[in-house]
Structures are given as C-alpha cells and as structure tokens.
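Fold and contact review
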Amino acid sequence: MKKPIIFCDFDGTITESDNIIALMKQFAPPEWEEIKDQILNQTITIQEGVGKLFSYIPSSKKQDMLEFLRENAHYREGFASLLTYANENDIPFYVVSGGVDFFVYPMLTEFDVPLEQIYCNKADFSGEKILIKWPHSCDTHCNNGCGCCKPSIIRSFDETLHECIVIGDSITDLEAAKLADLVFARDYLKEKCEELNITYQPFENFHQITNYLEGRKSVCR
C-alpha cells in the first residue's frame, strides 16, 4: 500500500488570504493589478508575473512588509491540528508555496515545520527593488514557468511508494492537482477542478481535511 504524503500550499490555504496579493495592495503601485490578471488568465507565466509584482516594491520596504503581515495575516482554522495528525500518523507534510522565503519562513516558525520541508521562492533585497529567485524551478517535464514548480517537486518523490495528497486554492496549485491521487481544493482551484473534471474534496478549514483522512483510515481498517 502506498504511503500518504501531503503537499500543502501556503498563501490562501494555510493563511486565509493570499499574502502576495495583500502585500501588493499595500505596497505596490496600481500597475500590479494588470499583472495579477495576466497571471490568472495564464497570458504570462507565474514566474514572470511574480517577478514583475515584486519588482515594483523597493527593497527598503522589507521590514514594513513583515510587520504588515504579522498584524494582518490569519491562519486557516485547524492547521495546527492537521500537522499534529500528520506527525502522529507518520505522514510527511511538505509546504509547497509560490510565496517568498522572507515571509513564508517566519510565518511557519510557530508551527515547527522544518525548513527542509518548505519549498518556496527566495527574495534578494540587495538591489534597489526586490528581485525574486527560483530555487525550485521547472524540471524537464514542465515548461509552464511555474516559479516554484509544484509538479516538479512532486515528481522528485517516488510515485510508486507515495499516495500524493495536494491541498490548495489557486492557479499555482493546478498542475500539482493534475498529478495528485487526492486533492483538497477551495476557491479558484476548486473552480478549475470542476472545469477540468479533476476529482477533489472541498474544504474551508483544515479540520475537514483531518476528519476526511481519519474517516478514510477507519474504513480501511
């Protein structure tokens, strides 16, 4: 029997809202909205779009952005409980995020998620404007310009040994959902799963995911 492994999105999934969008609304000039629409319409790649978005913001705003997120970001109900459930049942839990290290890492510290289990993009603040770097870019099987390429990360694990569980909400999770054995979806990802006939389980909080996994485990006993 395959061993479950969880790949969970961060922005809009672990947190209730998308932190990049929140940062753009607060710190970027109005031009950011056109870039956001181009990403969602898939007329530009996620990598190109996210890079452009952060290029609008001066590097000097780093601490201001962190303080803003500390005050305004909220975690989705039940996340800590799902982590506990995964640990108790020996289910590897990976955060795969199209977000950026300077806010993803500190926001996850209170949950004791090991850094080696967090995949995200990285920010370079050495220049006048923020430069985004891509340590987890697309492999040879993907040419979508994902930035942090979630399907490439999933493919780095042996599919013959693992049942892939994807949890997400947005366009950055769509390609990962296509590879998954089990998808938990909300918001935009839910709409795309319905449009593309991808089987999924809806969720609005992590308690629902924990209950589903526990119920499924009970049936298999």
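Our structure's up above, just so we're on the same page.
Now for a quick tour of the structure.

Analysis parameters
- Residues numbered from 1 in each chain as written.
- Predicted model: local features only at pLDDT ≥ 70, side-chain atom pairs only at ≥ 80, totals over all residues.
- Heavy atoms only, no water.
- Helix = DSSP H or I, 4+ residues; strand = E, 2+ residues; numbered from the N terminus.
- Rg over C-alpha atoms; globule rule 2.2 N^0.38 Å.
- Buried < 20%, exposed > 50% of the residue type's maximum accessible area, 1.4 Å probe, protein only.
- Contact = heavy atoms within 4.5 Å.
- Arc of directions from axis to C-beta.
- Pairing = 2+ DSSP bridges.
- Right-handed = clockwise from strand over helix to strand, strands pointing away.
- Salt bridge = Lys/Arg side-chain N within 4 Å of Asp/Glu carboxyl O.
- Core = buried A, V, L, I, M, F, W, Y, C linked by side-chain atoms within 4.5 Å.

**Section: the overall build of the protein**
For the protein, the count of helices and strands is ten helices and seven strands. Relative to the globule expectation of 17 Å for 221 residues, the C-alpha radius of gyration of the protein, 17 Å, shows essentially globular dimensions. If one aligns the C-alpha atoms of the protein with their principal axes, the spans along those axes are about 60 × 35 × 30 Å. For the protein, with 221 residues in total, the buried portion stands at 51%. Taking the contacts inside the protein whose residues are at least 6 apart along the sequence as the reference set, 60% of them involve residues at least 24 apart.

**Focus: helix H4 (residues 62-72)**
Residues of H4 that are buried include every one of Met 65, Leu 66, Phe 68 and Leu 69, and no others. Down the axis of H4, the smallest arc covering the buried residues is 160°, so these residues share one side. In H4, the exposed residues that point more than 90 degrees away from the buried face are Arg 70 and Glu 71. In the core, the buried residues of H4 are packed alongside helix H1 (19-27) and helix H6 (101-108).

**As for the pairing of strand S3 (residues 118-124)**
Counting buried positions over the seven residues of S3 gives six, a clear majority of the element. In this structure, strand S2 (residues 93-100) lies alongside S3, joined through three bridges in parallel fashion. Among the inter-strand pairings, Val 95 is bridged to a residue of S3, identified as Ile 118. Handedness of the crossover joining S2 and S3 through H6 is recorded here as right-handed. Note: S3 against strand S4 (residues 131-133), three bridges, orientation antiparallel.

**Digging into the side chain of Thr 13**
Looking at the element boundaries, Thr 13 is found in the loop between strand S1 (3-8) and H1. Dropping the residues within four chain positions of it, Thr 13 is found in contact with Cys 8, Arg 76, Ile 167, Gly 168, Asp 169, Phe 203 and Phe 206.

**Details of the pattern of salt bridges**
For the structure on display, the rule yields 14 salt bridges. One salt-bridge network, in which partners are shared between bridges, spans Asp 9, Lys 150 and Asp 173.

**Concerning the nonpolar core**
Membership of the largest hydrophobic core comes to 77 residues, with the highest contact counts inside it found for Phe 54, Phe 102, Phe 103 and Leu 108. Residues contacting Leu 108, with those up to four places away along its chain left out, are Phe 10, Ile 14, Phe 79, Val 95, Val 113 and Ile 118.

**Re unusual backbone geometry**
Positive phi, close to 60°, is recorded for Gln 42, a residue that is not glycine. For Gln 42, the position within the fold is in the loop between helix H2 (32-40) and helix H3 (46-55). The phi dihedral of Asp 90 is positive, around 55°, even though this residue is not glycine. Tracing the sequence through the fold places Asp 90 in the loop between helix H5 (79-88) and S2.

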